[in-house]
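Residues per chain are reported as follows:
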Amino acid sequence: MAPHASPLPWVLILCTFYVNSSFQPALVLEMAEILLENYCFPENLVGMQEAIQQAINSGEIQQISDEKNLAAVLTVGVQGALNDPRLTVSYEPNFVPVMPPILPLLPKDQLIRLVRNSFKVDILENNIGYLRIDQIIGQETAAELGSLLQENIWDRIAWTSSLIFDLRYSTAGALSGVPFIVSYFSDPGTLIHIDTVYDRPLNTTTELWTVPTIMGERYGQKKDVVILTSRRTIGAAEAVAYTLKNLKRAITVGERSAGGSVKVQKIKIAQSNFYITLPVARSVSPVTGQSWEVSGVSPTVHVVSKEALTKARSLLAVRHAIPKVVQSISDIIKGFYAFTDRVPALLEHLQSADLFSVVSEEDLAFRLNQNLQTLSEDPRLVIKYMQDSSAIAEEDAKLNKVPDDVGLLKAHIDKVFKVEILPNNTGYLRFDKLVETSAVAKLEELMAQMVWEPLKDTDNLIIDLRYNTGASSDSLEFILSYLYDSSQKHHFFTIYDRIQNTTTEHDSLPKMTGPTYGSKRGVYVLTSYYTASAGEEFAYLIQSLNRGTVIGEITSGTLMHSTTFQLEGTKVAVTVPFINFIDNNGEYWLGGGVVPDAIVLAEEAVDHVHEIADFHRGLKSLIGGIGELLEKYYAIREVALRVSKVLFRKWEEGLYRSVVDFESLASQLTADLHENSGDHRLHVFYCDVEPEPRHNVPKIPTAEEVGFIIDALFKVELLPGNIGYLRFDMMADVEVIKAIGPQLITSVWNKIVNTDSLIIDMRYNTGGYSTAIPLLCTYFFDAEPLRNLYNVFDRTTDTLIEVMTLPHIRGQRYGSSKDLFILTSHMTGSAAEVFTHTMQELKRATVVGEPTIGGSLSSGTYQIEDSVLYASIPNQVVISAITGKVWGFSGVEPHVFAQANYALPAAQRIIAARLLGKEQSK
């Protein structure tokens, strides 16, 4: 407990008393003095006495005629001020102090009688020990009665399998007995710091530790201990319960304890009949940094006091079963889990799991499941508490049995498969179950006639799985084979069976009885929340094979190829996947539901098919359109040609079947452009209103605007050590720079041109016009010879422009010898990057900060065909004057890496180090 108070509440308390002329202010001052000398939180009393004296001197305090009323008012005031309910003021003219007997001084026969009345020991069913202590005896008493306690108490419970420690009726005791009890429930060896007690009147701090040796056998740290508490549990018993709970040595069951104190005293206030009761010592746990005082011990399991014993016995039964449950789960995982490489780590994790505070089977299942999920990252591996054991049910294989008779087979196909031809020559196929492999041969010829023959000439095919709850996944490859060309072999998926220890490749079938649908036409799979198991696998494969588009609701997420075991004698069940389903990309599918490409209500899915099919019919033209724009406008032609071919090939392979509208197409195209060009400046975006063209002609400012522009764009500072600092957050056009030139020289440049070194801050400069770069660079080179800064290739005009320093500039040059530093960040872009890169490559500046964004000098925006899609394409590229290589995609890598916030001090440190080096070399 750490109450908090300030002097002000004391003033408020005393200023609000209802008083009359007979009040003696000395009473309050004496009370304050007692608090200052004895209250266990002296740090909360700072300034109290001065505040009270000020309140008295103000004349606002008057007497309260009734003494008991005065005591009540003082109690409310002092408790409120210090937030401590243990502080009370009482008026007791006939008070007679009662001194509790000092136990070690009592005759031995009385001590023995006291112990027998305070302790109760029993051995319950299943070798559960029961120990009730109603008074915690102190260290000296325990030493006096050591052999008696050992023979009658500790030896009787030492060999029990677990212990119920009943402190519900413990209302008295000595704190010095706490270390002995805690030691009994710990192992010998390392001593444990269990408490720190501060005594205010004595001004002493005492640490309580477990004792190195005790008489008889310890109970140790392994066996389960349950402590029972009630609202009456107080004092030393609370210290025992609190310590053992937070050392994770015992589980507490019952009610929150009383919240007593280490030591409370009633002190007479001066020569009056008023008394103040206050805590004079405080406890601080080294484990929690807090205490059981005032707030009490909160039980691990909350039940009413009279039910605590029954609850403890059932809790111990659960805990007794934990090792067996953990071992059973370990054996099941070891024997069945499909990811065999993960098994050793899972078993080790299970054996070392911290299950100290498990209090029920449901709690145990939750903890174990949480541990396994975290380590395995496999949502199929599940430990559950099953309220109803009947929830574990196996599907009756007879329900999926296919008849042998031809007439019955036809009736079966009519029942299972529904075939229609919808408007726009769209085929419709619905099946609500998937049959076993053994039945495929019987069905194939009839299905070819009754299913695939009617669908073979449709333009698109809808496969309706909205009511498909799964059954067997053996026929997946059979149905998928009809959706591909039979002339080529296709790999669909792989199955690893842990029980059989076999790996089976599932490919397209070499010969099909009926006509195949082929791989070019559109396939649209409809799903709902009811689509489950093998139905989900089919939808998943349609996506992973890029063979079709899934439309509808997220599927149920029913775990496939798993088996559930209910552990004997418990309601704990473990579900273990014994088969791994691996798609054609080598990815393990761990279930969790299939997310459709177009998420719509299941009942609206068919209507959306027609919209999406119409959109897909225009994809080829759009893909071709973006390719043509790249080849015509992108700055690097060979890259444009290569990327254009890649995009068209991906369309041919069906990799754009997952896009269902212009927005998703724009996102996919942008990702593909970035991946295949390495240029993140390429963008495709959706815009239903034609974007306005960029204005490349800068506005020349008027004379009145010049001062405002300079103040807005430029920040100049002279740093210690004659270091110049120049920050500007936008690259202005050269014509604007020329227009404001005279004022710029006077108010900006002349302030820093004569510094010994210069820092140019580009951390917040996202670009602008590149036309002023040659002028800015020129100030940092000598007039002769002119320097080739960089070259620019413009794809729109097919011209190569050499960018050089200028022979003449306004004002004084900074020159080529003084140190120049440029600060960068992830925001630095476009023309600001070109300037930075140029100065870096020509070895004229040291760049400090973060890698820049990698912008472009110029980009054009072009409409793709007549659609609502537009492409932003960089049409200029910077070519190094030194290497002749293209630059611009990846940005500028600084010489010295530093977070943007620390780039300026980093540059200053480098300048200081260089200056020191020069001085030492002289």
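This write-up is about the structure you can find in this document. None of these values were measured; they are calculated from a predicted model. (Residues numbered from 1 in each chain as written. Predicted model: local features only at pLDDT ≥ 70, side-chain atom pairs only at ≥ 80, totals over all residues. Heavy atoms only, no water.)

What to know about the overall build of the protein chain
Where we set the bar: Only DSSP runs of H or I covering at least 4 residues are called helices, and only runs of E covering at least 2 are called strands; the numbering of each starts at the N terminus. Accessible area is worked out with a 1.4 Å probe on protein chains only. A residue is then buried under 20% of its type maximum, exposed over 50%, and partly exposed in between. Two residues qualify as a contact provided that any one of their heavy atoms is within 4.5 Å of a heavy atom in the partner residue. For the accessible areas, the method is Shrake-Rupley and the probe is 1.4 Å, while residue cover comes only from the protein chains on display.
Secondary structure assignment for the protein chain yields 26 helices and 39 strands. Counting the 922 residues in the protein chain, one finds 52% classified as buried. Partitioning the intrachain contacts of the protein chain with sequence separation of at least 6 by distance along the chain shows that 76% fall at a separation of at least 24. Here the protein chain displays about 43700 Å² of accessible surface, and carbon together with sulfur accounts for 52% of that area.

Here we look at the side chain of Glu255
As for its placement among the helices and strands, Glu255 is situated in the loop between β10 (251-254) and β11 (263-268). On the basis of relative accessibility, which here comes to 14%, the residue Glu255 falls in the buried class. Ignoring sequence-local partners within four residues, the contact set of Glu255 consists of Thr229, Ser230, Arg231, Val297, Pro299, Val303, Val304 and Ser305.

Quick notes on the packing of helix α18 (residues 619-633) against helix α19 (residues 637-652)
Quick note on the threshold: Every axis in this analysis is a line fitted to C-alpha atoms, fitted for helices over the stretch in contact. Angles between the N-to-C directions lie between 0 and 180 degrees. Orientation labels follow simple angle bins: below 35 degrees gives roughly parallel, above 145 gives roughly antiparallel, 65 to 115 gives roughly perpendicular, and whatever is left gives oblique. Under the grouping applied here, Gly and all other residues not named as nonpolar or charged are polar, the nonpolar ones being Ala, Val, Leu, Ile, Met, Phe, Trp, Tyr, Cys and Pro and the charged ones Asp, Glu, Lys and Arg.
In the contact formed by α18 and α19, the axes pass within 8 Å of each other and the chain directions differ by 170°. On the basis of their axis angle, the class for α18 and α19 is roughly antiparallel. On α19, the residues that touch Leu619, Lys620, Ile623, Ile626, Gly627, Leu630 and Glu631 of α18 are Arg637, Ala640, Leu641, Val643, Ser644, Leu647, Phe648 and Trp651. Considered class by class, the residues forming the contact of α18 with α19 number 10 nonpolar, two polar and three charged.

Points about the sheet that holds strand β26 (residues 598-599)
What counts here: What makes two strands pair is DSSP finding at least two bridges between them.
A sheet is described by the order of its strands in space; here six strands give the open sequence β15-β16-β17-β20-β21-β26, paired in mixed fashion. Both edges of this open sheet fall to β15 (417-422) and β26, since each of them pairs with a single strand only. By the bridge criterion, five bridges tie strand β16 (residues 426-431) to strand β17 (residues 460-464) in an arrangement that is parallel. Directly across from Arg430, in β17, lies its bridge partner Asp464. Its contacts with the sheet put helix α17 (residues 605-617) on β15, β16, β17, β20 (522-527), β21 (549-552) and β26, and the angle it makes with β20 is roughly 155°.

Notes on helix α10 (residues 308-336)
Note the threshold: To estimate the expected span of a helix, subtract one from its residue number and multiply by 1.5 Å. A residue's bend is simply the angle between two axes: one fitted to the seven residues ending at it, one to the seven starting at it.
With 29 residues, α10 should cover 42 Å at 1.5 Å per step; its first-to-last C-alpha distance of 40 Å lies within 8% of that length. Its axis deflected by about 40° at Ile322, α10 carries its strongest bend there, up to four residues before the proline Pro323.

Let's talk about the sheet that holds strand β13 (residues 301-302)
Strand pairs in the sheet, formed through backbone hydrogen bonds, run parallel or antiparallel to each other. The mixed open sheet is built from six strands, whose spatial order is β2-β3-β5-β9-β10-β13. With partners counted over all chains shown, the strands left at the sheet margins are β2 (119-124) and β13, one partner each. Pairing between β10 and β13: two bridges, direction parallel. Within the sheet, the bridge partner assigned to Val253 lies in β13 and is Val301.

Concerning the pattern of salt bridges
Heads up, the rule is: Any Lys or Arg side-chain nitrogen located within 4 Å of an Asp or Glu carboxyl oxygen qualifies as a salt bridge.
Going through the model one piece at a time under the given rule, you end up with 25 salt bridges. Where Arg319 meets Asp224, a salt bridge forms, and the shortest distance between an N and an O atom there is 2.9 Å. Note that Arg319 is positioned in helix α10 and Asp224 in the loop between β8 (204-209) and β9 (225-229), a separation of 95 residues in sequence. Ionic pairing is found between Lys248 and Asp354, a salt bridge with its closest N-O pair at 3.4 Å. Taken together, the residues Lys248 in the loop between α9 (236-246) and β10 and Asp354 in the loop between α11 (343-351) and α12 (361-376) connect sequence positions 106 residues apart.

As for the pairing of strand β5 (residues 162-166)
A regular strand places its side chains so that they alternate between the two faces of the sheet. With five of five residues buried, β5 is to be regarded as a mostly interior element. Residues Ser162, Ile164 and Asp166 point to one face of β5 and Leu163 and Phe165 to the other, with burial holding for every one of them. In the sheet, β5 pairs with β9 via four bridges, with the strands oriented parallel. Paired with Phe165 across the bridge in β9 is Ile227.

Description of a nonpolar patch on the surface
Our working definition: Without a salt bridge and with relative accessible area above 30%, a residue can belong to a patch; like charges are then joined within 9 Å and nonpolar side chains (Val, Leu, Ile, Met, Phe, Trp, Tyr) within 5 Å.
There is a patch of nonpolar side chains on the surface, built from Tyr529, Ile554, Val595 and Ile599 and spanning about 400 Å² of accessible area. With respect to the helices and strands, the residue Tyr529 is situated in the loop between β20 and α16 (534-544).

Observations regarding the packing of aromatic side chains
What counts is decided by this rule: Working definition: rings of Phe, Tyr and Trp (its six-membered ring) pair if their centres are within 6.5 Å, and the pair is stacked with planes under 30 degrees apart, edge-to-face with planes over 60 apart, and tilted otherwise.
Under the definition given, this model contains 30 aromatic pairs. Ring centres of Phe336 and Phe565 lie 4.9 Å apart, and the angle between their planes is 45°; on these two criteria the pair is classed as tilted. Taken together, the residues Phe336 in helix α10 and Phe565 in strand β22 (residues 562-566) connect sequence positions 229 residues apart. Taken together, a centroid distance of 5.6 Å and an interplanar angle of 45° make the contact between Phe417 and Phe431 tilted. A residue pair is termed long-range when its members are at least 10 positions apart, and Phe417 in strand β15 and Phe431 in strand β16 qualify at 14 residues. Judged by its relative accessible area of 9%, Phe417 falls in the buried class.

With respect to the environment of His616
What counts is decided by this rule: In protein, a polar contact means a hydrogen-donor-capable atom and an acceptor-capable atom, both N or O and within 3.5 Å, with residues adjacent in sequence counting only if both atoms are side-chain atoms; elsewhere, any N or O pair within 3.5 Å suffices.
Position of His616 relative to the elements: it lies in helix α17. For His616, a relative accessible area of 14% puts it in the buried group. Distance in space between the C-alpha atoms of His616 and Gly522 is 8.4 Å, their sequence separation being 94 residues. If near-sequence neighbours (up to four positions away) are discounted, His616 is found in contact with Tyr524, Thr549, Tyr656, Arg657 and Val659. Of note is the side chain of His616, whose polar atom sits 2.7 Å from the backbone oxygen of Val659.

A few points about α9
Among the 11 residues of α9, nine are classified as buried, and the element is accordingly described as predominantly covered. Taken residue by residue, α9 has Ala236, Ala237, Glu238, Ala239, Val240, Ala241, Tyr242, Thr243 and Leu244 as its buried positions. Among the residues trailing α9, Lys248 stands out with phi positive, at a value near 55°.

So, the nonpolar core
What counts here: To qualify as a nonpolar core, a set must consist of buried Ala, Val, Leu, Ile, Met, Phe, Trp, Tyr and Cys residues joined through side-chain atoms within 4.5 Å.
With 50 residues, the main nonpolar core has Met731, Ile760, Met762, Phe780, Phe835 and Met839 as its most contacted residues. Residues within four places of Met762 in sequence aside, it is in contact with Phe728, Met731, Leu776, Ile822, Leu823, Thr828, Ala832, Phe835 and Thr836.

Focus: a negative patch on the surface
Threshold: Positive charge is attributed to Lys and Arg, negative charge to Asp and Glu, and no charge count is given to His or to the chain ends. Note that the charge is assigned to NZ on lysines, CZ on arginines, CG on aspartates and CD on glutamates.
Where like charges cluster on the molecular surface, the negative patch consists of Glu603, Glu604, Asp607 and Glu611. Position of Asp607 relative to the elements: it lies in helix α17.

Topic: the side chain of Ser825
Tracing the backbone through its elements, the reader meets Ser825 in the loop between β33 (819-824) and α25 (831-841). On the basis of relative accessible area, Ser825 is assigned to the buried category, the value being 3%. In this structure the side chain of Ser825 is engaged in a polar contact, spanning 2.5 Å, whose partner is the backbone oxygen of Arg763.

Remarks on the packing of α19 against helix α20 (residues 662-677)
So the rule is basically this: Handedness of each helix crossing follows the sense of rotation of the near helix against the far helix: counterclockwise by less than a right angle gives left-handed, clockwise gives right-handed.
Closest axis-to-axis distance for the α19/α20 pair is 10 Å, and the angle between their directions is 130°. With respect to each other, α19 and α20 are oriented oblique. Here the hand of the crossing between α19 and α20 comes out right-handed. Within the contact between the two elements, α19 uses Val639, Arg642, Val643, Val646, Leu647 and Lys650 and α20 uses Leu669, Asp672, Leu673, Asn676 and Ser677.

Any functional reading would require information beyond the geometric quantities listed.
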